[in-house]
Amino acid sequence: MRQYITRRLLEMIPVLIGISILIFVIFQLAPGDAVSAIVDPKTSAETKAKLREQLHLNEPILVQYKYWVMDILKGQWGESFYYKQPVSRVINSFIWNSFYLSLASFLLSAILSIPIGVLSATKQYSKFDYIFTIFALIGISMPSFFFGLLLIKWFAVDLKLFPVSGMTNPGSTATGFALFKEVMHHMALPLIVLTLGSLAGLMRYTRSSMLEVIRQDYIRTARAKGLREKVVIYKHALRNALIPVVTIFGMSLPGLFSGAIITEQIFNWPGIGPIELQAVNTRDYPLLMGINMLLALLTLLGNLIADVTYALVDPRIRLK
Amino acid sequence: MDELLIIKNLKTYFYTDEGVVKAVDDVSLRINRGQTLCIVGESGCGKSITAMSILRLIPDPPGKIEGGEIIFEGKDLLKLSDDEVREIRGNKISMIFQEPMTSLNPVFTIGNQIIEAIMLHQKLDKKEATKKSVEALKLVGIPRAEEIINAYPHELSGGMRQRAMIAMAMVCNPTLLIADEPTTALDVTIQAQILDLMRKLKEETKTSIMLITHDLGVVAEMAEYVTVMYAGKVVEEADVIELFKNPKHPYTLGLLESKPQIHIDKEKLYSIPGQVPNPFNLPKGCYFFPRCERAMEICKEVMPTLKEVGNGHKVACHLYGGDNNE
Ligand SMILES: Nc1ncnc2c1ncn2[C@@H]1O[C@H](COP(=O)(O)OP(=O)(O)OP(=O)(O)O)[C@@H](O)[C@H]1O
Ligand code: SF4
Ligand SMILES: [Mg+2]
């Protein structure tokens, strides 16, 4: 197992190099550069030229690529045009806010979707199943900007139960548990929006996986042994039904860090999502390249984690 | 004779979108203590559903046991509570299924699955149960049983898995073992070994066996008593010698004429012309009428009933008994 993981990690190096070239080339092809994005009419052509010089924008492509890679290796990931700070620092100061929100939503939807999926499958076509089928349909088709605004209108503006936006109260100095409580209070509404979206899919996924499993011969064997229905379902069936679901969990790793652009924007959550959007608008290519590079790395790691967990939960899979 | 299981007028129906399938339609049969009953018949005639009805394993929906009695050791299994039935499953009555490749749970070890059955029905701790499952695996002729209990099903061959299934079924010393085509999926040498094993176990433990098969070669080797089913109904029953010496129902004759042998590919077994009737569109009279060479006028209109024709031999056909004189 350790050997397998080491090998997979080593294999990631050439892939990452390939991805870095691809990302670099794509951003070279993109129209304009950071300097042309400066809209201030007072900026003279001279200043612009100087800026270009400073940012190495006049150098040959290969040299520019070298600068970028060196920067990544130094842990800076280039310098953000907009923030005038190393990209790594910009990412670091926003990405964890996204991570907390996404992780909370991920855990919540995992905790809810599995039992709901199991019950929908074991009581297929029951009222329970129908209610959650409709719920899933709503969850999948409801646009998050609309649902988010709806929640803000009802629960923040009308009922004043939750804050309208942000992650903490303006000027808050809370620390420790008080801070945690404050963040949770702010997180509630965006959490609901995000969870509704992912819950629906996971629930349906667990349901169909479970439906597939409870038809299997070994489930009948388990019943024929005299096991209680709970043991049959939650030990024999669920263990098998979760195999494909676990893989999905592994794959959602990059999603935990990439930020929910729309939801974060609506709730003014200081995550990486709005930063990405802003970086596009300001043509902050180093920042965008950094974010893309990071997501590529996380995707590769996520796949590795999915494969390893798959082998852990399914004895038929041997890692070679 | 000492009767262990009596099934009276069992009706198990499936309610599908296309209509009602009377998978088991008024079936009666009995198994004596220490004996082997074979149920034979073509695919889809209701053999498995009869067997699964005994342990109430019919998936509901779409299936439902609509009537009848299943008397086991004097108690009607259909009247027991779910908990009482669970007490019996895997303990007094256990079952082996048709498909050894898929009947074991792929994510648990063989040992884990056998130990689970032991600890469920017997007051043994984990260590004693482990010891007992090793013994059970040895009993069914699995070599290196101490290692095999830690193996996962996919690491074993089909024959070994079926042995493990038998070990699991026998480990609580059942009084009745239901074996639903336990050898159909296996190749012939393994098939013979498994049948040998079952016969040996039966002699040693006095377990009664209900053996489902569509292979008359297996019947000849294993059975004391035979029930022939066709389209959800019993069409003939007799003890094995009587049935092979003196078969009566045209369907049984057809089965025998195809000269089945254990060493012949099962695809070639049946040469009765025509097809199993469509369950949604059964003939009004005898269900075998469309395929019967000796059919008469009455057969088209009147369903024959199961009648004793001597020697404990029963047959449902207008050629025998008084039906055609009426
Ligand atoms: N879940 C189900 N839904 C609908 N019909 C079913 C279901 N299970 C069984 N049946 C019907 O019940 C009838 C009897 O099936 P059964 O499995 O008992 O046949 P069998 O005699 O065991 O055949 P085989 O030799 O192929 O195992 C079949 O016609 C089948 O279509
Ligand atoms: S009742 Fe008639 S049709 Fe049916 S098996 Fe007998 S002879 Fe053939
Ligand atoms: Mg069957």
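Values in this document were obtained by computation on a predicted structure and should not be read as measured data.

Colleague: Is there a simple way to explain the overall build of chain B in this structure?
Modeller: Counting secondary structure elements, chain B contains 11 helices and 12 strands. Taking 326 residues into account, the globule formula puts the C-alpha radius of gyration at 20 Å, and chain B, at 20 Å, falls close to it. Taking the principal axes of its C-alpha atoms as reference, chain B extends roughly 65 × 45 × 45 Å. Scored against the burial criterion, the 326 residues of chain B give a buried share of 55%. The contacts in chain B between residues at least 6 apart in sequence include a share of 64% that link residues at least 24 apart. Accessible area for chain B stands at about 14500 Å²; split by element, carbon and sulfur atoms hold 50% of it. Counting 38 positive and 46 negative side-chain charges, chain B places the averaged centre of each group 2 Å from the other.

Colleague: Which parts of the structure should I look at to understand the overall build of chain A?
Modeller: Counting its regular elements, chain A contains 13 helices and 2 strands. Counting only C-alpha atoms and orienting by the principal axes, one finds that chain A spans roughly 85 × 60 × 35 Å. Scored against the burial criterion, the 320 residues of chain A give a buried share of 42%. Taking the intrachain contacts of chain A between residues at least 6 apart in sequence as the baseline, contacts between residues at least 24 apart amount to 72%. As presented, chain A carries roughly 17300 Å² of accessible surface, and 67% of it is formed by carbon and sulfur atoms. If the 30 positive side-chain charges of chain A are averaged to one point and the 19 negative ones to another, these points end up 12 Å apart.

Colleague: Please clarify how the UniProt feature "transmembrane region" (unreviewed entry) in chain A should be interpreted in this entry.
Modeller: Those places that UniProt annotates as "transmembrane region" (unreviewed entry) correspond, in this numbering, to residues 12-30, 99-119, 131-156, 187-205, 241-267 and 287-313 of chain A. Structurally, residues 99-119 of chain A comprises 100% helix and 0% strand, and the distance from its first C-alpha atom to its last is 30 Å.

Colleague: Any chance you could explain the sheet that holds strand 2 (residues 19-32) of chain B here in plain terms?
Modeller: In a beta sheet, neighbouring strands are held together by backbone hydrogen bonds and run either parallel or antiparallel to one another. The 4 strands are arranged 2-1-4-5 (chain B) in an open sheet whose pairing can be described as antiparallel. Among the strands making up the open sheet, the edge pair consists of strand 2 and strand 5 (75-76) of chain B.

Colleague: I'm lost on the confidence of the model for chain A in this one. Help?
Modeller: Mean pLDDT over chain A stands at 88; residues scoring 70 or higher make up 98%. Across chain A, helix 8 (residues 217-224) of chain A holds the top mean pLDDT of 93, while helix 2 (residues 45-54) of chain A sits lowest at 81.

Colleague: Would you take a moment to explain the pattern of salt bridges for this structure?
Modeller: Oppositely charged side chains can pair when the atoms bearing their charge come close. The full count for this structure, using the stated rule, is 28 salt bridges over all chains. In this structure, R8 of chain A engages D307 of chain A in a salt bridge whose closest nitrogen and oxygen atoms are separated by 2.7 Å. Taken together, the residues span a long stretch of sequence, with R8 of chain A in helix 1 (residues 2-29) and D307 of chain A in helix 13 (residues 285-313) at a distance of 299 residues. The closest approach of N and O atoms between D25 of chain B and K233 of chain B, which form a salt bridge, is 3.7 Å. One end of the pair, D25 of chain B, is in strand 2; the other, K233 of chain B, is in strand 10 (residues 233-239), and 208 residues separate them in sequence. Its relative accessible area of 8% is what places D25 of chain B among the buried residues.

Colleague: For this particular structure, what's the right way to read unusual backbone geometry?
Modeller: Trans peptide bonds make up most of the peptide bonds, and negative phi angles are found at most residues other than glycine. Positive phi outside glycine occurs at W77 of chain A, with the angle close to 60°. Structurally, W77 of chain A can be placed in the loop between helix 3 (61-73) and strand 1 (79-80). A positive phi angle, near 60°, is found at N311 of chain B, a position not held by glycine. Counting through the fold element by element, N311 of chain B comes out in the loop between strand 11 (307-308) and strand 12 (314-315).

Colleague: Mind showing me how you'd approach the site of ligand 1 here?
Modeller: Residues and elements named next belong to chain B. Around ligand 1, the surrounding shell holds 15 residues, and the nearest of these are S43, G44, K47, S48 and E181. G46 has a polar backbone atom sitting 3.0 Å from an oxygen atom of ligand 1. A distance of 2.9 Å separates an oxygen atom of ligand 1 from a polar backbone atom of I49. In isolation ligand 1 exposes 640 Å². Once the protein is present, 70% of that is buried. Elements represented by at least two residues in the shell around ligand 1 include exactly strand 1 (3-16) and helix 1 (47-54). For the shell around ligand 1, the element with the most residues is helix 1, which contributes 3 residues. Looking at the shell around ligand 1 residue by residue, the classes come out as 5 nonpolar, 7 polar and 3 charged.

Colleague: Which parts of the structure should I look at to understand the nonpolar core?
Modeller: I54, I93, M95, L137, I166, L176 and M198 of chain B are the most contacted members of the largest nonpolar core, which has 98 residues in total. Element by element, the count of residues in this core is highest for helix 6 (residues 158-170) of chain B, at 7 residues. With sequence-adjacent residues up to four places away left out, I54 of chain B is seen in contact with L5, I7, I70, L77, I93, I178 and M210 of chain B. Of all hydrophobic cores here, the second largest spans 31 residues; its members include F24, L253, I275 and M289 of chain A.

Colleague: Is there a simple way to explain the UniProt feature "domain: ABC transmembrane type-1" (unreviewed entry) in chain A in this structure?
Modeller: Under the UniProt annotation, "domain: ABC transmembrane type-1" (unreviewed entry) lies at residues 95-306 of chain A. Within residues 95-306 of chain A, the helical portion is 81% and the strand portion 0%, while the C-alpha atoms at the span's ends are 22 Å from each other.

How each quantity is defined
Residues numbered from 1 in each chain as written. Chains lettered and ligands numbered in written order. Predicted model: local features only at pLDDT ≥ 70, side-chain atom pairs only at ≥ 80, totals over all residues. Heavy atoms only, no water. Helix = DSSP H or I, 4+ residues; strand = E, 2+ residues; numbered from the N terminus. Rg over C-alpha atoms; globule rule 2.2 N^0.38 Å. Buried < 20%, exposed > 50% of the residue type's maximum accessible area, 1.4 Å probe, protein only. Contact = heavy atoms within 4.5 Å. Areas by Shrake-Rupley, 256 points an atom, 1.4 Å probe, with all protein chains shown as cover. Lys, Arg positive; Asp, Glu negative; His and termini not counted. Charge placed at Lys NZ, Arg CZ, Asp CG, Glu CD. UniProt positions renumbered as here; feature names shortened; annotations may be inferred. Pairing = 2+ DSSP bridges. pLDDT = per-residue confidence, 0-100. Salt bridge = Lys/Arg side-chain N within 4 Å of Asp/Glu carboxyl O. Near = heavy atom within 4 Å. Polar contact = N/O pair within 3.5 Å; in protein donor to acceptor, adjacent residues only side chain to side chain. Nonpolar A, V, L, I, M, F, W, Y, C, P; charged D, E, K, R; others polar. Core = buried A, V, L, I, M, F, W, Y, C linked by side-chain atoms within 4.5 Å.

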